[in-house]
Every structure is written in C-alpha cells, then in structure tokens.
Amino acid sequence: MIENRKALITGVTGQDGSYLAEFLLEKGYRVYGLIRRSSHEATHRIRHLLGRLELLDGDLTDQSSLDEAVRKTQPNEVYNLAAQSFVPTSWNQPVLTADVTGAGAVRLLEAVRKYKADARIYQASSSEMFGKVQESPQTEKTPFYPRSPYGVAKVYAHYITVNYRESYGLFACSGICFNHESPRRGLEFVSRKITHAVAQIRHGLAQELALGNLEARRDWGFARDYVRAMWLILQQESPEDYVVATGAAHSVKDFLRIAFEEAGLAWEKYIRIDPALFRPAEVDYLVGNAEKARRKLDWEPETSFEQLVRLMVREDLQAVSETGEAFRK
C-alpha cells in the first residue's frame, strides 16, 4: 500500500479513468477525479467507487477550473486521460477536438507548472498519432503522421508535454497507448459496437450489424492492463515516453469472428458493409513495439486478444439477458 499519495485524474468517468481510479485506490492513494458538469449523469463506470473518490468540477477547456483543481488537491501524480476521443467525431468537430484534446493538455500542464511543479504528470498519447505509418512496428522513435483531427490534436498534446518537460523541468511523460478495450468501452467504438451487436443478435433484438473497413488492423489490448503501465511510467527515476502495446495486430474481421463464435453464431450472416462508415483518411495498420516498456517498466500485457474479445462478449450477453439492453458502459 502507498500511503498519503494523492492523484488527480481527468477523464475519470471514462473507460481508462475508471480502471485507473480502481487501481490507485487499491494501492492506497487518495484519488480526485475531474468531472465536467455535463458529465455528472455519466458516472456509471465509477458508480461502484463513489464515496471513495473525491470528484471536482472542471473542464479541460477552462483554465481557471484546472488551476483550482491542482491548487486545491496538491496531487503527487496527475493523469490526463480526458479528451474528445472518438476519431469519427473529430472530423465533424475538429475545432472542439483541438481545444479539448490538444489545447486542454497545455492548460493542465500550465496549472501544474504554476501550482504543483513537483507533481508527476501522465499524458495519454495515442497510436493514432502514427496514422499513415512510416515503419512497423511503431516505437517511441517512429515519426508521427496523423490521419484525423483527433490524431493531430494528440500529436500537439504529446509534443507540448515534451516541451514542458524540457523547458520547465516537469516530470511529464506520455504513454503512447495502442487500442485498449474492455466491457466499459463506449458503444460508439468498433470493439464494443461489435460485442453489443452480437449480444443483441443472439437474443433476437437485432438482425444485422453495419460496419466499415473490416480489413483495418489494430494492436488491441485490455484497458486494465494498460492503466497499470500508466502508473508504472510515473514511478520511474526519470521522465520518459513509452509505447504501450501488445505487439500483435488483428483485423476487425478477426474481432468479428471471435465475438460471434463466443455467441455460437457465424459472423458472415449478420454483417452489412456501409460505405458511410469508412474514414475520410483511413488508418490501415497499427502495431506497437513495447520493448522499452517491457525492459524499463517490467510491464507485460496479461490478457490476450482472444481473451479480451470473449470477455467483452460474455459481459454484453449477460447484460442483454438481464435487462434486454447492454449497459451503456
């Protein structure tokens, strides 16, 4: 147990935020979560933690609220997990994505610089920064080539974190996390969209699932494994950036096959290709090399791709069986 340590998490109501809050509470941290006023009804992922977490009103677009959160809590560690994180939405709302996902990071860094300069800061970087990949697998040294407004905003957040580390001596690090999923993933993301649809089809509540590019390949891991890496990154002697990934790429079609198989169904019977669901600029292949994380953090993913997919399907099957609808986790 780590006594008397305090952590501030932005995006605490999201998938990663909820798993990280659990992880830190188990280690004895006092955990503060920054929550937007409009998000107060979206606390279902942390409902089981309410009473153990301390929630603060704040928004990455509002400097004064970030200043107050850092000044008030005086955290030892700050985890910036908040973002406009859905890639398709970033084309419809590119300015908002830039403001929240990109500029939001520098606002938080400024708050830490002014009010708790010795805090350790974790910035949630993304494999979407690699976009049109320049080499495979991707490492910490692979050049970025983002292919969406979300990816561009994440590149800004990543480099401004490096800049504050080098300019002001902050212990500021980025974890370049590849796709990580869980039963708490939002229903708009392709992984949960699939497992949710499988459960509905299995229980007779839907007949088909519309998808875009089935050949896109991603490095998919389990979110619970990835928040452990986030914490480890801030426990090192010096601040550095790390790729967090499984090192194995699987296609959307692979995900479909395992998901439908877990429910006893043949996926080909239920899939409809919708051209409208293809990205304006596609990212075809992402796979990370997490050798540095394995060597320096002693981190390894504990959950395989197949285990992850089957876990997500089982949880959605149970939810639909009990309620007639999957939980909006």
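Just so we're clear, the structure is a prediction, and the values are computed from it rather than from any experiment.

### Side note on the overall build of the protein
A count of helices and strands for the protein gives ten helices and 13 strands. Compactness check: the protein gives a C-alpha radius of gyration of 19 Å against a globular reference of 20 Å for 329 residues, within 12% of the reference. Overall, the protein is about 55 × 45 × 40 Å in size when its C-alpha atoms are taken along their principal axes. Within the protein, the proportion of its 329 residues that are buried is 58%. Counted over contacts in the protein with a minimum sequence separation of 6, partners at least 24 positions apart contribute 79%. For the protein, the computed accessible surface area is about 14,000 Å², with 46% contributed by carbon and sulfur atoms. Each charge class in the protein can be summarised by its mean position, and for the 43 positive and 44 negative side chains these summaries are 1 Å apart.

### Quick look at the packing of helix α1 (residues 15-26) against helix α7 (residues 223-233)
As a packed pair, α1 and α7 sit with axes 9 Å apart at the nearest point and diverge in direction by 65°. α7 is crossed by α1, and the crossing has right-handed handedness. Each of Gln15, Asp16, Tyr19, Leu20, Glu22, Phe23 and Leu24 in α1 lies in contact with α7, whose residues at this interface are Ala223, Arg224, Val227, Arg228, Met230 and Trp231. Of the residues in the contact of α1 with α7, the class split is eight nonpolar, one polar and four charged.

### Observations regarding the packing of helix α2 (residues 63-73) against helix α4 (residues 94-115)
Relative orientation and spacing of two packed helices are given, respectively, by the angle between their axes and the distance between those axes. Where α2 meets α4, the axes come as close as 9 Å, and the angle between the chain directions of the two elements is 40°. Taken together, the axis directions place α2 and α4 in an arrangement best described as oblique. The element α2 and its partner α4 pack so that their crossing is right-handed. Between α2 and α4, the contacting residues are Gln63, Leu66, Asp67, Val70 and Arg71 on the first element and Gly104, Arg107, Leu108, Glu110, Ala111, Val112, Lys114 and Tyr115 on the second. Its residues placed into classes, the contact of α2 with α4 shows six nonpolar, two polar and five charged.

### A short note on the nonpolar core
Counting residues in each nonpolar core, the largest one holds 75 residues, and the members touching the most others are Ile9, Leu24, Tyr79, Tyr122, Ile194, Leu256 and Trp299. Broken down by element, the residue count for this core peaks at eight residues, all from α7. Beyond its immediate sequence surroundings of up to four residues, Tyr79 is in contact with Ala7, Leu8, Ile9, Thr10, Leu20, Leu24, Tyr122, Met230, Trp231, Leu234 and Gln235. By size, the runner-up hydrophobic cluster in this structure holds 24 residues, among which are Leu8, Leu108, Val112 and Ala172.

### Quick notes on the sheet that holds strand β4 (residues 77-80)
The parallel open sheet is built from seven strands, whose spatial order is β3-β2-β1-β4-β5-β6-β11. Unpaired on one side and paired on the other, β3 (54-57) and β11 (242-244) mark the two borders of the sheet. Across the sheet, the mean angle from the axis of one strand to that of its neighbour is 25°, orientation sign disregarded. Each of β5 (120-126) and β6 (171-177) is contacted by helix α5 (residues 149-168), which is oriented at about 155° to β5, the strand it contacts most. Each of β4, β5, β6 and β11 is contacted by α7, which is oriented at about 155° to β6, the strand it contacts most.

### Structural notes on the packing of aromatic side chains
Enumeration over the complete set of coordinates arrives at twelve aromatic pairs. Pairing Phe144 with Tyr159 gives two aromatic rings, centres 5.7 Å apart and planes at 65°, and the pair type is edge-to-face. Of this pair, Phe144 sits in the loop between β5 and α5 while Tyr159 sits in helix α5; the two residues are 15 residues apart in sequence, bridging distant segments of the chain. Accessibility expressed as a relative area gives 19% for Phe144, which makes it buried. By relative accessible area, Tyr159 is classed as partly exposed at 48%. Seen in terms of ring centroids, Phe255 and Phe305 are 5.8 Å apart; in terms of plane orientation they differ by 75°. Their pairing is edge-to-face. Here Phe305 lies in helix α10 (residues 305-323) and Phe255 lies in helix α8 (residues 252-262), a separation of 50 residues in the sequence. Among the aromatic residues, those joined into a ring-pair cluster are Phe130, Phe144, Tyr159 and Phe178. Sitting over the ring of Tyr168, Arg113 keeps its end group 4.9 Å from the ring centre.

### Focus on the side chain of Glu181
Relative to the assigned elements, Glu181 resides in strand β7 (residues 180-181). Classification of Glu181 by relative accessible area gives buried; the value is 1%. Of the polar contacts made by the side chain of Glu181, one reaches the side chain of Trp220; its length is 3.3 Å. With residues up to four places along the chain from it excluded, the contact list for Glu181 reads Gln15, Ser191, Trp220, Gly221, Phe222, Ala223, Leu308 and Met312.

### Section: empty space enclosed by the protein
Think of a ball as big as a water molecule: rolled over the atoms, this probe shows where empty space is left. If you walk through the whole model with that rule in mind, you get one cavity of 30 Å³ or more. Taken as a whole, the largest cavity encloses approximately 30 Å³ of empty space. As for the largest cavity, its lining consists of Asn80, Ala105, Leu108, Leu109, Ile121, Tyr122, Gln123 and Thr161. Of all elements in the fold, only α4 and β5 reach the threshold of two or more residues within the lining of the largest cavity. Counted by class, the lining of the largest cavity contains five nonpolar, three polar and no charged residues.

About the cut-offs
Residues numbered from 1 in each chain as written. Predicted model: local features only at pLDDT ≥ 70, side-chain atom pairs only at ≥ 80, totals over all residues. Heavy atoms only, no water. Helix = DSSP H or I, 4+ residues; strand = E, 2+ residues; numbered from the N terminus. Rg over C-alpha atoms; globule rule 2.2 N^0.38 Å. Buried < 20%, exposed > 50% of the residue type's maximum accessible area, 1.4 Å probe, protein only. Contact = heavy atoms within 4.5 Å. Areas by Shrake-Rupley, 256 points an atom, 1.4 Å probe, with all protein chains shown as cover. Lys, Arg positive; Asp, Glu negative; His and termini not counted. Charge placed at Lys NZ, Arg CZ, Asp CG, Glu CD. Axes fitted to C-alpha atoms, helices over the stretch in contact; angles between N-to-C directions. Left-handed = near helix turned anticlockwise from the far one by under 90°. Nonpolar A, V, L, I, M, F, W, Y, C, P; charged D, E, K, R; others polar. Parallel < 35°, antiparallel > 145°, perpendicular 65-115°, else oblique. Core = buried A, V, L, I, M, F, W, Y, C linked by side-chain atoms within 4.5 Å. Pairing = 2+ DSSP bridges. Phe/Tyr/Trp six-rings, centres within 6.5 Å; stacked < 30°, edge-to-face > 60°. Lys NZ or Arg CZ within 6 Å of the ring centre and 35° of its normal. Polar contact = N/O pair within 3.5 Å; in protein donor to acceptor, adjacent residues only side chain to side chain. 1 Å grid on protein atoms, 1.4 Å probe; cavity = no way out; pocket = protein on both sides within 12 Å on 5 of 7 lines; lining within 4 Å. Points joined across faces, edges and corners; volume = space filled by probe spheres on them.

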